[in-house]
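Each chain is listed here by its residues.
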Amino acid sequence: SVPQNFSSLFIERVKDVREWMAPMSQYFNEGESAHYCDFLDNFHAQNQEWFDTALSAEVTADGDFHSQNAIYSDHKFSLMDTYPPKDEWGLGHKHIALYRIGVDIWGLTGKKEFFEAFIRGYEVGNNAKVDRKLDNVFVVYVACIAVSYFYMLQQSDPTKVEPARKFHEFLRNYYDSITVSQ
């Protein structure tokens, strides 16, 4: 059975990210992917009460939501092929999908203002506020997934080489920007 406590879900998701990144190790500097996952584990450990309470209260149905599974046409946003790759990913924090798509926009364009506009659009459209304390942990988490995914795709699709490289550079720069002061 899948736990509904986001703390437990997140611990498992970080383990999954480690496994997801491992086959792509030839694209990372030695120890690089471990640094990202260690950051996620440490963030969780330092904020466990928040994960156990407030974030757990915001667990909802989740899926495989990212830019490769999204279509915007005729002023309508639609998702396709959203069945989660693992049953355990069927539950998650309500904003993981928001960050998956928003970080794809930011990572692939290099424009943080597009990410900010996407978040604002979500907030206005849903009359809700996103807790931006989530940025550090969710941006790193979803970027790790995206980088690995693009590297995997580029092995059989040469059009994914540039997005993989661009997203990896984005992840490195973002990670460096939030860990320099720590």
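How each quantity is defined
Residue numbers here run from 1 along each chain, matching the order of that chain's written sequence. Where totals are concerned, whole chains, interfaces and linings use all residues; where local detail is concerned, this predicted model gives features only for residues with pLDDT of at least 70, and gives and counts side-chain atom pairs only at 80 or more. Calculation of side-chain values draws on the structure's entire complement of heavy atoms; hydrogens and water are dropped beforehand. Per the convention used, a helix needs a DSSP run of H or I reaching at least four residues, while a strand needs a run of E reaching at least two, with both numbered from the N terminus. Only protein chains enter the accessibility calculation, which uses a 1.4 Å probe; a residue is then buried when its area is under 20% of its type maximum, exposed when over 50%, and partly exposed in between. Contact criterion: two residues are considered in contact whenever any of their non-hydrogen atoms come within 4.5 Å of each other. Values of pLDDT, which run from 0 to 100, indicate the predictor's confidence residue by residue. Pairing of aromatic rings covers Phe, Tyr and Trp, the last through its six-membered ring, and needs centres within 6.5 Å; plane angles under 30 degrees mean stacked, over 60 mean edge-to-face, and all others mean tilted. Lines fitted to C-alpha atoms define the axes, with helix axes restricted to the stretch in contact, and inter-axis angles between N-to-C directions lie between 0 and 180 degrees. Here is the rule for handedness: rotate from the far helix to the near one, and if that takes an anticlockwise turn smaller than a right angle the crossing is left-handed, while a clockwise turn gives right-handed. Charged residues are taken to be Asp, Glu, Lys and Arg, nonpolar residues to be Ala, Val, Leu, Ile, Met, Phe, Trp, Tyr, Cys and Pro, and polar residues to be all remaining types, Gly included. Take the buried Ala, Val, Leu, Ile, Met, Phe, Trp, Tyr and Cys residues and link them wherever side-chain atoms come within 4.5 Å; each set so joined is a nonpolar core.

Caption draft 1: Up close: the environment of Ala 146. Tracing the sequence through the fold places Ala 146 in helix H6 (residues 134–154). In this structure Ala 146 comes out as buried when scored by relative accessible area, which is 6%. Each C-alpha atom, one on Ala 146 and one on Arg 100, is 8.2 Å from the other, the two residues being 46 residues apart in sequence. In this structure Ala 146 touches Asp 104 and Phe 167, once residues within four positions along its chain are discounted.

Caption draft 2: Main features of the confidence of the model for the protein. For the protein, the mean per-residue pLDDT works out to 85, and 80% of the residues sit at or above 70. Ranking the helices and strands of the protein by mean pLDDT puts helix H2 (residues 32–46) first, with 97, and strand E3 (residues 76–79) last, with 56.

Caption draft 3: Expanded view of the packing of aromatic side chains. Summed over all chains, the structure comprises 22 aromatic pairs. Between Tyr 36 and Tyr 175 the ring centres are 4.9 Å apart and the planes differ by 85°, which places this aromatic pair in the edge-to-face class. With Tyr 36 in helix H2 and Tyr 175 in helix H7 (residues 161–179), this pair connects stretches of sequence that are 139 residues apart. Judged on exposure class, the residue Tyr 36 and its partner Tyr 175 are both buried.

Caption draft 4: The arrangement of the packing of helix H1 (residues 6–21) against H6 in detail. Running from N to C, H1 and H6 cross one another at 30°; their axes reach a closest spacing of 10 Å. The element H1 and its partner H6 pack so that their crossing is left-handed. Contact residues: H1 offers Phe 6, Phe 10, Arg 13, Val 17, Trp 20 and Met 21, while H6 offers Val 137, Phe 138, Tyr 141, Cys 144, Ile 145, Ser 148 and Tyr 149. Taken together, the residues of the contact of H1 with H6 sort by class into 11 nonpolar, 1 polar and 1 charged.

Caption draft 5: Structural detail: unusual backbone geometry. Positive phi is not limited to glycine here, since Asn 127 has a value of about 45°. The topology assignment puts Asn 127 in the loop between helix H5 (112–126) and H6.

Caption draft 6: Main features of the nonpolar core. Judged by nonpolar contacts, the single largest core of 46 residues is most densely connected at Phe 6, Tyr 99, Val 103 and Val 140. Counting only elements with at least two residues in this core, the list comes to H1, H2, helix H3 (48–55), helix H4 (96–109), H5, H6 and H7. Top contributing element to this core by residue count: H6, with 14 residues.

Caption draft 7: Examining the environment of Gly 110 more closely. Tracing the backbone shows Gly 110 in the loop between H4 and H5. Gly 110 gets classed as exposed once you look at its relative accessible area, which sits at 56%. Along the sequence, Gly 110 and Glu 169 sit 59 residues apart, while their C-alpha atoms lie 9.6 Å from each other.

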